[in-house]
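Residue-level structural notes
Read off the chains here:
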Amino acid sequence: MTIEQNINEIKATLPNGVKLVAVSKTFPASDIEEAYRCGQRAFGENRIQELNVKQPILPDDIEWHFIGSLQTNKIKYIAPYVSLIHSVDSARLLEAIDRQAEKCSRVIDVLFELHVAQEQSKHGWECDELLDYVLSGEAAKLKNVSLRGVMGMATFTDDTKRIRAEFRRIREVFDKLKNEALPQFDTVSMGMSGDYRIAIEEGSTLVRIGSSIFGSR
Ligand SMILES: *Cc1c(COP(=O)(O)O)cnc(C)c1O
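Attention here is on the structure that accompanies the text. (Residues numbered from 1 in each chain as written. Predicted model: local features only at pLDDT ≥ 70, side-chain atom pairs only at ≥ 80, totals over all residues. Heavy atoms only, no water.)

**A short note on the pattern of salt bridges**
Under the defined criterion, the tally for this structure stands at 15 salt bridges. A salt bridge links Glu 50 to Lys 54, with the nearest nitrogen and oxygen atoms 2.7 Å apart. Residue Glu 50 and its partner Lys 54 are both found in helix α3 (residues 48-54); the two are separated by four residues, about one turn of the helix. Assigned by exposure class, Glu 50 and Lys 54 land together as buried. Of the charged contacts, one joins Glu 119 and Lys 122 as a salt bridge, the two residues approaching to 3.2 Å between their closest N and O atoms. If you follow the salt bridges from partner to partner, you end up with Arg 164, Arg 168, Glu 201 and Glu 202 in one network. (Salt bridge = Lys/Arg side-chain N within 4 Å of Asp/Glu carboxyl O. Helix = DSSP H or I, 4+ residues; strand = E, 2+ residues; numbered from the N terminus. Buried < 20%, exposed > 50% of the residue type's maximum accessible area, 1.4 Å probe, protein only.)

**Overview of the pairing of strand β3 (residues 63-66)**
On any regular strand, side chains alternate: one points to one face of the sheet, the next to the other face. Where strand β2 (residues 42-45) meets β3, four bridges bridge the pair, whose relative direction is parallel. Bridge pairing in β3 links Phe 43 to Trp 64. Handedness of the crossover joining β2 and β3 through α3: right-handed. Taken together, the two bridges between β3 and strand β4 (residues 84-88) define a ladder with parallel strand orientation. Opposite His 65, over in β4, you have Leu 84 as the bridge partner. (Pairing = 2+ DSSP bridges. Right-handed = clockwise from strand over helix to strand, strands pointing away.)

Okay, structure coming up:
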């Protein structure tokens, strides 16, 4: 199967309103070009250094999504062009993104990363912690970030009931924040190659798919 065939096959299964971000981390720019030629425009990367090598040599109309853990001192390298940062896991990081965005006269779209999986290695806010923070109104004061929604990863397991319950929890937190504080919320980023079908059933609006498009890493 080629990259083009993989993308077309996945796209055919996505309902209207679910966006595909092709996760190109570890894959060469030539693979991204192949996906680009069949119309794919949104790509996800999780390392600043790798993204900064690829971005200048690839077409300008690519939407770059940052999906990895982000250190505050590295934000400046992607702030001028990044399209959506999925991985905001603290108030401190959000404030630092806001400051770097202001320096480039931009408003950067961001998602709050939720920690719902069992693995402690995964990042993100505990659900109650995020609800308290957002409902406090502090986040809404920042002028150079646009709060678009939430992102999360399910536990790496074969237990589809657990995966489903974790995605459901992410969607619940999104709905609560949207209804009570952030009506502009429009993005629920959940679902990867192994679990995106369940994520869509539980209300994902954006899936991040790497290995099913580009091959195993
Ligand atoms: C690598 C990665 C993906 C894609 O995972 P696949 O299993 O290759 O589809 C999605 N989201 C995040 C945050 C990732 O780091």
